[in-house]
Amino acid sequence: MLKDPLQIFYDRYKFDKSEIKEVIFGKIYTAIILKTGNIGLSANLNDIKQSSFSYNNTLDLLNPDHRLILNAYYNAKFNYKSKGQLNKDLFDEINFKSYRNIVMIGYSKPMLNKLDSKEQDIYIFDNSKNDNIIVDQSLQKKYLFEAECVILTATTIVNNTFMEIVSNSGSSCDLFLVGPSTPMSEEMFKYRNVKALFGTIFKKNDTEVINIIKKGEGTRIFKHLGKKVALIKN
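What counts, and where the lines are drawn
Residues numbered from 1 in each chain as written. Predicted model: local features only at pLDDT ≥ 70, side-chain atom pairs only at ≥ 80, totals over all residues. Heavy atoms only, no water. Pairing = 2+ DSSP bridges. Helix = DSSP H or I, 4+ residues; strand = E, 2+ residues; numbered from the N terminus. Axes fitted to C-alpha atoms, helices over the stretch in contact; angles between N-to-C directions. Contact = heavy atoms within 4.5 Å. pLDDT = per-residue confidence, 0-100. Buried < 20%, exposed > 50% of the residue type's maximum accessible area, 1.4 Å probe, protein only. Arc of directions from axis to C-beta. 1 Å grid on protein atoms, 1.4 Å probe; cavity = no way out; pocket = protein on both sides within 12 Å on 5 of 7 lines; lining within 4 Å. Points joined across faces, edges and corners; volume = space filled by probe spheres on them. Nonpolar A, V, L, I, M, F, W, Y, C, P; charged D, E, K, R; others polar. Expected span 1.5 Å × (residues − 1). Polar contact = N/O pair within 3.5 Å; in protein donor to acceptor, adjacent residues only side chain to side chain.

Undergrad: It is not clear to me how the sheet that holds strand 1 (residues 20-25) should be interpreted in this structure. Could you clarify?
TA: Strands belonging to one sheet form pairs held by backbone hydrogen bonds; the direction of such a pair is parallel or antiparallel. Taken together, the 3 strands give an open sheet; going across it, the order is 1-2-3, and neighbouring strands pair in antiparallel fashion. Of all the strands in the sheet, just strand 1 and strand 3 (39-43) have a single pairing partner and so form its edges. Ignoring which end each strand starts from, the neighbouring axes of this sheet average 15° apart. Its contacts with the sheet place helix 2 (residues 64-78) against strand 1, strand 2 (29-34) and strand 3, and it is angled at close to 145° to strand 3.

Undergrad: Even after reading the chapter, I still don't get the confidence of the model for the chain, so can you show me in this structure?
TA: In low-pLDDT segments, the atomic positions of the prediction should not be examined closely. Mean pLDDT over the chain stands at 91; residues scoring 70 or higher make up 97%. In the model of the chain, helix 4 (residues 109-115) stands out as the element of lowest mean pLDDT, 86, in contrast to strand 7 (residues 174-178), which has the highest, 97.

Undergrad: Help me out: how do you make sense of helix 8 (residues 207-214) in this one?
TA: All buried positions along helix 8 are accounted for by Val209, Ile210, Ile212 and Ile213. Around the axis of helix 8, the buried residues are gathered within 160° of arc, so they sit on the same side. At its buried positions, helix 8 is contacted by strand 1, strand 2, strand 3, strand 8 (194-202) and helix 9 (219-222). With its phi angle positive at about 85°, Gly216 sits one or two positions after the end of helix 8.

Undergrad: In this structure, what is going on with the layout of surface pockets? I would like to understand it.
TA: Empty space among the atoms can be located by rolling a probe the size of a water molecule over them. Approximately 190 Å³ is the volume found for the second largest pocket. Taken together, Tyr13, Phe78, Lys81, Lys83, Gln85, Met184, Ser185, Glu186, Glu187 and Leu231 make up the lining of the second largest pocket. Looking at side-chain class alone, the lining of the second largest pocket contains 4 nonpolar, 2 polar and 4 charged residues.

Undergrad: What am I meant to see in the side chain of Gln140 here?
TA: Here Gln140 shows up in helix 5 (residues 140-146). Note on Gln140: relative accessible area 10%, which makes it buried.

Undergrad: Help me understand the pairing of strand 6 (residues 149-153) in this model?
TA: Both faces of the sheet carry side chains from a regular strand, because those side chains alternate between them. Of all 5 residues in strand 6, 5 are buried; the element is thus mostly enclosed. Alternating residues of strand 6 divide into Cys149, Ile151 and Thr153 and Val150 and Leu152, and every residue in both groups is buried. In this structure, strand 4 (residues 101-105) lies alongside strand 6, joined through 4 bridges in parallel fashion. Residue pairing in the sheet places Ile102 in a bridge with Cys149 of strand 6. As paired strands, strand 6 and strand 7 are joined by 5 bridges and run parallel to one another. Among the inter-strand pairings, Cys149 is bridged to a residue of strand 7, identified as Asp174.

Undergrad: I tried to follow helix 2 on my own but got confused; where do I start?
TA: Think of an α-helix as turning once every 3.6 residues; residues three or four places apart then point the same way. Helix length check: helix 2, at 15 residues, gives a terminal C-alpha distance of 21 Å against a target of 21 Å (1.5 Å per residue), a fit within 8%. For helix 2, a buried count of 12 out of 15 residues is recorded, marking the element as mostly surrounded by other parts of the structure. Looking only at helix 2, the buried set comprises His66, Arg67, Leu68, Ile69, Leu70, Asn71, Ala72, Tyr73, Tyr74, Asn75, Ala76 and Phe78. Buried residues belonging to helix 2 abut helix 1 (5-13), strand 1, strand 2, strand 3 and helix 6 (155-158). For helix 2, the capping residue at the N-terminal end is Asn63, with a side-chain oxygen 2.8 Å from the backbone nitrogen of Asp65.

Shown next as structure tokens:
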């Protein structure tokens, strides 16, 4: 049985604090800048403050704060590798009209606006938001099993719900992992139903992106500074 993705990355690639130039905690995202200039992001789910966090080379995968650091670190390590990456976003590559039953884990209004169709059933789950459009969490397992397509935010890797969601998806489902927190590693294709990864790469040492994150802003503000990239399972 496959392990949690962060555990696999940690076992295989380790964690080296000396590679890190700076860690920035914003209200929405945490960013890690490596000494190479590579930038990796991860959603700051617990609103960790810069002044209250310390770490060393040994991190605990059961600690939510450490998972946040590891996800951003591996994004910075993996996302700049050009092999197999396409300069495309989710809606460039995937024809969602071929799916009648879509589940979205992690509510994104812009994404929903692009998906919106009278010919499709779209069910949205998100523990962190209150909105009439969000389906009760108790129904997630049932809807995942019935879904033809699952759009899954990579935040689920950080909060350690990814494995459960993947295991509950139906056998013929296509699962797409999306968002700036996505680790662009082909190792993610070892997981059941994962067909494509859609992430973001920033210019090395991009101070504009970092300043936006420091101000507590999110994707809506910095998305024009990043390059959308995709990895598609062969």
